[in-house]
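# Structure assessment
Listed below are the residues making up each chain.
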Amino acid sequence: MKCLMFEEIGKLAPSEIPEPTYPVWIKVAATGICGTDLKSVYVGHRYFRPPTVLGHEFYGQICKAPEGYPLKNGTWVVAAPYYECGKCDYCKAGKGDLCENKNYVEAGSFAEYVGVPLDYMEGLFVLPEKKNTDDYDVYALTEPLACVINGTSRLETVPGYSKVLIVGGGPMGALFALYYASKGIEAAIVEPNDERAARLQSWGIKTVKQDQVQKGEYDNVVIAVNIAKLVSDYLPLVRHGGTLLVFSGLPKGESLDIDAGAIHYNEVSIKGCSGFGLDHFKESFSVIKANEKLFRQLITNKFDFEHGQQAFDMLKAGKAFKILIGSDINC
Ligand SMILES: [Zn+2]
Ligand SMILES: [Zn+2]
């Protein structure tokens, strides 16, 4: 089957790989490029080394399943790329995102098909019926929004009191802002690039510059850029009793220089999160279902595998928000 192969650092190309071996196949319609994919391709990632096929933010149609499988061929689904075992101590404590025994789809989704195990039903979500294939695109955002909802679950937002500041106006920062917009909570994004800020504003998102942020103005601050120093910079600005969330991946072993007094006297907490649990994925699916138009705006470009390299380069250059790639996309 066709795929977009991550061949070596900085290089992707259309290629052929063997078809799935798992019993249920999903014909992938489109896959979003994620920050982790970008990092894997240009910087390197210890889990995703080339040559390999990346991709995990996908939706498509069930196209092959054994007799008696609950979903008919042709059913449109979005699949969680993984979900927790439900049995371990973490899972029993409601911390499924930390489960060390997760269930996974077979392989990366920058490919024609993705195989899923027979007993993967909990990880599949049937999409509402649409006239055009493109109308399903927004569901490629289910996984990144699930990660964002994992983040928002760490923040306490009190209607009429809370204001959320998101540092970094990339796709994840924008998802945070749109999520809070859908919940009626005031949020703003710090985005230094004027072009990107203008795009965010066109979606109704408030943007500010770093030097405009006043101490105590925001009780929740989300660091959505992978620069450790931002944690030190923003911690003293968080409103007393508030929370700073380290959302973007920061390097292991890197130290932070933080104001200890902000934690004790200001009662500010620092929290982190990574990935998602099944409950976050479920909530993400229902939030998108209720706000398809709002979230659809984030998808700025679509490409086929032949233009995969171009798509990644474009995203790296900061010229797009969410880009989808698929074998049947015409571009
Ligand atoms: Zn992702
Ligand atoms: Zn578990």
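Just so you know, these numbers come straight off a predicted model, no measurement behind them. (Residues numbered from 1 in each chain as written. Chains lettered and ligands numbered in written order. Predicted model: local features only at pLDDT ≥ 70, side-chain atom pairs only at ≥ 80, totals over all residues. Heavy atoms only, no water.)

## Structural notes on the pairing of strand β16 (residues 299-303)
Both faces of the sheet carry side chains from a regular strand, because those side chains alternate between them. Judged from the four bridges that link them, β16 and strand β17 (residues 322-325) form a sheet pairing that is parallel. If you follow K302 over to β17, its bridge partner there is L324. One crossover worth recording links β16 to the parallel β17 by way of helix α10 (residues 308-316), and it is right-handed. (Pairing = 2+ DSSP bridges. Helix = DSSP H or I, 4+ residues; strand = E, 2+ residues; numbered from the N terminus. Right-handed = clockwise from strand over helix to strand, strands pointing away.)

## Focus on the coordination of the zinc ion (ligand 1)
The zinc ion (ligand 1) binds to the protein through C34 (SG), H56 (NE2), E57 (OE) and E143 (OE); the donor distances cover 2.2 to 2.6 Å. The site at the zinc ion (ligand 1) holds four donor atoms, and with the angles between them running 85 to 171°, its shape is irregular. (Donors = N, O, S within 2.8 Å, 3.2 Å for Na, K, Ca; no water. Tetrahedral: all angles 85-135°; square planar, octahedral: opposite > 155°, others 65-115°.)

## Some points on the coordination of the zinc ion (ligand 2)
The coordination sphere of the zinc ion (ligand 2) contains the protein donors C85 (SG), C88 (SG), C91 (SG) and C99 (SG), at a distance range of 2.3 to 2.4 Å. Around the zinc ion (ligand 2), the four donor atoms are arranged such that angles at the metal cover 102 to 117°; this shape is classified as tetrahedral. Linear spacing of the donor residues for the zinc ion (ligand 2) on their chain is C-x2-C-x2-C-x7-C. Taken together, the positions of C88 in the loop between β6 (82-83) and α2 (89-92) and C99 in the loop between α2 and β7 (103-104) put the pair eleven residues apart, joining distant regions of the chain.

## With respect to the nonpolar core
The biggest cluster of nonpolar side chains holds 67 residues, and the ones touching the most others in it are Y59, L145, I166, V222 and F295. A total of seven residues in this core trace back to one element, the largest contributor, which is helix α4 (residues 171-183). Contact partners of F295, with chain neighbours within four places excluded, come to V138, L141, L145, L175, L178, Y179, V287 and I288. Ranked by size, the runner-up nonpolar core spans 24 residues in total, among them I33, F110, I323 and I325. (Core = buried A, V, L, I, M, F, W, Y, C linked by side-chain atoms within 4.5 Å. Buried < 20%, exposed > 50% of the residue type's maximum accessible area, 1.4 Å probe, protein only. Contact = heavy atoms within 4.5 Å.)

## Here's the deal with the domain arrangement of the protein chain
Examined at the domain level, the protein chain breaks down into domain 1 (2-147 + 275-325) and domain 2 (154-272). Summarising the inter-unit geometry, the C-alpha centres of domain 1 and domain 2 are found 27 Å apart. Listed per partner, the contact involves 18 residues of domain 1 and 18 residues of domain 2. In this structure, the connection of domain 1 to domain 2 is made through two salt bridges. A salt bridge links E283 to K183; the nearest nitrogen and oxygen atoms lie 3.9 Å apart. At the junction of domain 1 and domain 2, the tally comes to three residue pairs in polar contact (both at pLDDT 80 or more). For the side of domain 1 that touches domain 2, the secondary structure elements donating two or more residues are α3 (142-152), α8 (278-290) and α9 (292-296). Classifying every residue of the side of domain 1 that touches domain 2 gives nine nonpolar, four polar and five charged. (Domains from an automatic or database assignment. Salt bridge = Lys/Arg side-chain N within 4 Å of Asp/Glu carboxyl O. Polar contact = N/O pair within 3.5 Å; in protein donor to acceptor, adjacent residues only side chain to side chain. Nonpolar A, V, L, I, M, F, W, Y, C, P; charged D, E, K, R; others polar.)

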